[in-house]
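As a plain string of letters, each chain reads:
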Amino acid sequence: MNHVLLKRARRWTAAGCAWMMAMTLLFSNGEIKAYGANNSSVIESVTVNVKTTYGEPEEIPQPEITVSGTGCSLGDIQYQTDYDRWKPGKKVRIELTVNAEEGKVFPVSLTRSQCKVTGADFVSARALDDGSLQVKVNYKPVTVLGDTSKAGWSAKNSGRAVWRSVEYAPGYSLVLYGDDKVVKRLTLDTNSVDLTEYMKDDDKTYTYEVKAIPRTSEEKKYLKEGNFVASTESELDWSGVEDVGTHDGGSVKGNSYVLPNGSKETNIWKKISGVWYYFDQSGNMAKGWQAIDGFWYYMDAAGRMQTGWINPDGNWYYLLESGGMAVGWLQPEPGIWYYLDGSGRMCRGWNFINGKWYYLNPESGRMHTGWLLENGQWRYLFSDGSMAVNGLIDGWRIGPDGIAVPQ
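Please read these numbers as outputs of a predicted model, since none were measured by experiment.

A. Structural view of the pattern of salt bridges. Under the counting rule described, the total for this entry stands at 10 salt bridges. One salt bridge connects Glu321 with Arg160, and the closest N-O pair in it is separated by 3.5 Å. Of this pair, Glu321 sits in the loop between strand S27 (317-319) and strand S28 (328-333) while Arg160 sits in strand S12 (residues 160-163), and the two are 161 residues apart along the sequence. You can call Glu321 partly exposed: its relative accessible area is 42%. What you see here is one network of salt bridges that share partners, running through Lys87, Lys90, Glu265 and Lys270.

Structure (structure tokens):
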């Protein structure tokens, strides 16, 4: 103990002197840290349990929070996000106070290993004073996905299944039946799909059932799938089934999506009047090419997510119904194939793919099958598009270079 502290100690009251005698002052990197003379008076570990509970479908219940540790108990709990703004999987900061029992004190702070948190992510644990500790954690709300209220067939396309979207649902599981036997199982991220290619038998009666599901391992941590709902035979007006707004009361203002409380939504998809938009980390409406969650999307000048064929730079690209850019072989309609390289560009002419040659129309990009005459030479392409080599077809001898000559 240095001389300055000794001089100050002599001026303290008898009570202050008694407290001083009970404490050991330690120096660490020029900082003074105080600990009780009896180690049992210092609370060196705390466990915070944030228990997740699932309620009714689409309900987002608050978690049950408990604290365990020698000589302490749970005090106040504060949520930094208003409850009416909670969304499944979107973190909520929780600040809770842990109170020390009489005769116990907290150190200046506790580390992640000293303050163990279950059911949420540890942020910090710092003493407000000797007798109280403030613990901050990030919690992701959970919910059970609801069931669609309508499921049927499009009035404009009898082979297109359509159903009303389910709030918070990132995807859907659909099972197509033909005369009560499973024909096809699909996982989708939209609330419609064209099933025409699977409904080939005119003598069968086709129905389907659909349920809302989480799609990724991360989504499964805070979402539980809903129940299957069987389709009806009725035709549904697509405009009456698709989303025509949002569920949070927000709206587009300028280049951002603003909630009723004035805050901007960030890193989030919003479907507004049936059109998908994406708002980036700054809350700005995304435009042009965007890499989002491992997929490429293209938004037009108005921020609208595009689907189908686009030609933004002189090259053709195909965007799936989900908006994600397609790569590899693509069959947008029965019997018609295209090949899109790793950058998504549609290929033309001769292309060597997975050890075989294919011919894609130089103008349309469509894969060619059957006999092909090019520069006065004949070649044959099988039904899968691959070029024939070293064989005999229709009385023509095919060489190793694919060129055919009469027998």
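B. Main features of the sheet that holds strand S6 (residues 92-100). In space, the four strands of this open sheet follow the order S5-S6-S9-S8, with antiparallel pairing throughout. The sheet is open, and its two edges are formed by strand S5 (72-79) and strand S8 (121-129), each paired on a single side. Each strand of the sheet is rotated relative to its neighbour by a mean of 25°, with strand direction disregarded. Bridge analysis of S8 against strand S9 (residues 132-139) gives seven bridges, and the strand direction is antiparallel. In the strand pairing of S9, Ala125 is matched with Val135.

C. Summary view of the sheet that holds strand S18 (residues 229-230). Read across the sheet, four strands follow the order S14-S13-S16-S18 without closing on themselves; strand pairing throughout is antiparallel. At either margin of the open sheet sits one strand with a lone partner, and together these are strand S14 (181-188) and S18. Across two bridges, strand S16 (residues 206-213) lies against S18 in antiparallel orientation. Looking at S18, one finds that Glu209 is bridged to Ala230.

D. Main features of the nonpolar core. Membership of the largest hydrophobic core comes to 46 residues, with the highest contact counts inside it found for Val46, Val48, Val135, Trp163, Leu174 and Tyr208. Look past the residues within four positions of Val135 in its chain and what remains in contact with it is Val48, Ile94, Glu95, Leu96, Val98, Cys115, Ser124 and Ala125. Judged by nonpolar contacts, the second largest core, of seven residues, contains Ile336, Tyr338, Leu340 and Met346.

Procedures and definitions
Residues numbered from 1 in each chain as written. Predicted model: local features only at pLDDT ≥ 70, side-chain atom pairs only at ≥ 80, totals over all residues. Heavy atoms only, no water. Salt bridge = Lys/Arg side-chain N within 4 Å of Asp/Glu carboxyl O. Helix = DSSP H or I, 4+ residues; strand = E, 2+ residues; numbered from the N terminus. Buried < 20%, exposed > 50% of the residue type's maximum accessible area, 1.4 Å probe, protein only. Pairing = 2+ DSSP bridges. Axes fitted to C-alpha atoms, helices over the stretch in contact; angles between N-to-C directions. Core = buried A, V, L, I, M, F, W, Y, C linked by side-chain atoms within 4.5 Å. Contact = heavy atoms within 4.5 Å.

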